[in-house]
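# Working through the structure, step by step
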Amino acid sequence: MKIASFNINGIKARLPALMDWLDEAQPDVAILQEIKSIDENFPREVFEDKGYNVATHGQKSFNGVALLSKLPLEDVTRGLPGDDDDEQARYIEATVVGDHAVRICGLYLPNGNPVPGPKYDYKLAWMDRLRARAEDLLAEEMPFLMAGDYNIIPQPEDAARPQDWIEDALFRPESREAWRKIVNLGLTEAFRVRNQAPEHYTFWDFQRGAWQRNDGIRIDHFLLSPECADLLTDCQIDKEVRGREKPSDHVPIWINLAA
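Residues numbered from 1 in each chain as written. Predicted model: local features only at pLDDT ≥ 70, side-chain atom pairs only at ≥ 80, totals over all residues. Heavy atoms only, no water.

### What to know about the pairing of strand S4 (residues 65-69)
Note the cut-off: Working definition: with a 1.4 Å probe on protein chains only, accessible area under 20% of the residue-type maximum means buried, over 50% means exposed, and in between means partly exposed. Going along the chain from the N terminus, every DSSP run of H or I of four or more residues is numbered as a helix, and every run of E of two or more is numbered as a strand. Two strands pair if DSSP finds at least two bridges between them.
Most of S4 sits inside the fold, with five of its five residues counted as buried. Both faces of S4 are covered, namely the face carrying Val 65, Leu 67 and Ser 69 and the face carrying Ala 66 and Leu 68. Summarising the sheet, strand S2 (residues 29-33) and S4 pair through five bridges and their orientation is antiparallel. Across the sheet, the residue bridging to Leu 32 is Ala 66, located in S4. Both strand S3 (residues 53-57) and S4 contribute to a ladder of five bridges, which runs antiparallel. Across the sheet, Val 54 pairs through a bridge with Leu 68, a residue of S4.

Below, the structure written as structure tokens:
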């Protein structure tokens, strides 16, 4: 089972690029972030025509997450538990059933800038809620993964110029501590299990020629439960997508799970 995550930075602007990548990569499941669309305006028919089941949790002009799956999507839930007043569309869950049943948790974690301030407080509180959700899922002992744009640079080697990110919400000590608390529940960070080398990134800013200089950061991640990690056979980043026409500032990252 090939499962991919892709922050597309606007479904309307990136639909041609997304469709080309889907045709090329052929993921069984695609987890999308920043669709920037309400559910009613999401172009679900074009994906259904390609054999995908579609679930969305949208929001006008901002945020928004979606799941595309060639397998049935069961028990779909929208929104991260823990705050009934949270109106931001950043989280969606569903179970896909192939040779194995896997709970897919798609997320778009808050950026958190500027620091300090309410946006950063929201980011850290959101991460506390994500940790609590992971604890609940671990207790169920079902294979699950949490994938998406985490807006977290885990280590200095995950940035071309880590010194420039020291005071940024993506790299602040409190942010990375919250990340480690989630990972240390017993989750596996899929990419680093397969590749420990530096200079592997998933995001390049549109400004200052970041792509041309490979001035990137790695902020899109897969975290796998122990039962899911046992099935992991590969994890790769489709870097070349960033150099195509009208790209997102992110590129897809994907895993393969054994049958």
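After that view of the structure, there is still more to cover.
### What to know about the layout of surface pockets
Quick note on the threshold: Think of a 1 Å grid over just the protein atoms. A cavity is a set of points where a 1.4 Å probe fits yet cannot get out, a pocket is an open set with protein on both sides within 12 Å along at least five of seven lines, and lining residues have an atom within 4 Å of a point. Grid points are joined across faces, edges and corners, and a volume is the space filled by probe spheres set on the points. Under the convention adopted here, Pro, Cys and the residues Ala, Val, Leu, Ile, Met, Phe, Trp and Tyr are nonpolar, Asp, Glu, Lys and Arg are charged, and Gly plus all remaining residues are polar.
Taken as a whole, the largest pocket spans an internal volume of roughly 560 Å³. What lines the largest pocket is a set of 29 residues, among which Tyr 108, Asn 111, Asn 113, Asn 151 and Leu 170 lie closest to the centre. Taken together, the elements giving at least two residues each to the lining of the largest pocket come down to helix H3 (118-140) and strand S11 (216-217). Split into classes, the residues belonging to the lining of the largest pocket amount to nine nonpolar, eight polar and 12 charged. Taken together, 14 residues make up the lining of the second largest pocket; nearest its centre are Ile 11, Lys 12, Ile 35, Lys 36 and Ser 37. In terms of residue class, the lining of the second largest pocket is made up of six nonpolar, five polar and three charged.

### Some details on a negative patch on the surface
Spelled out, the test is: Patch membership is restricted to residues that have no salt bridge and whose relative accessible area is over 30%. Joining uses 9 Å for like charges and 5 Å for the nonpolar side chains Val, Leu, Ile, Met, Phe, Trp and Tyr. Here, Shrake-Rupley sampling with a 1.4 Å probe gives the accessible areas, and only protein chains in the shown set may cover a residue. Salt bridges are identified by distance alone: a Lys or Arg side-chain nitrogen within 4 Å of an Asp or Glu carboxyl oxygen. Neither His nor the chain termini are counted; the positive set is Lys and Arg, and the negative set is Asp and Glu. All charge positions are set by atom: Lys at NZ, Arg at CZ, Asp at CG, Glu at CD.
A cluster of acidic residues, Asp 83, Asp 84, Asp 85 and Glu 87, forms a negative patch on the protein surface. By the element assignment, Asp 84 lies in the loop between strand S5 (73-78) and strand S6 (91-97). Judged by relative accessible area, which is 80%, Asp 84 ranks as exposed.

### Details of the pattern of salt bridges
Scanning the model with the defined rule gives 19 salt bridges in all. Between Asp 23 and Lys 50 there is a salt bridge whose closest N-O contact spans 2.6 Å. In this pair, Asp 23 is assigned in helix H1 (residues 11-25) and Lys 50 in the loop between helix H2 (44-48) and S3, connecting sequence segments 27 residues apart. Residue class for Lys 50 comes out partly exposed when judged on its relative accessible area of 33%. Connected via shared salt-bridge partners are Asp 75, Glu 93, Arg 103 and Arg 133.

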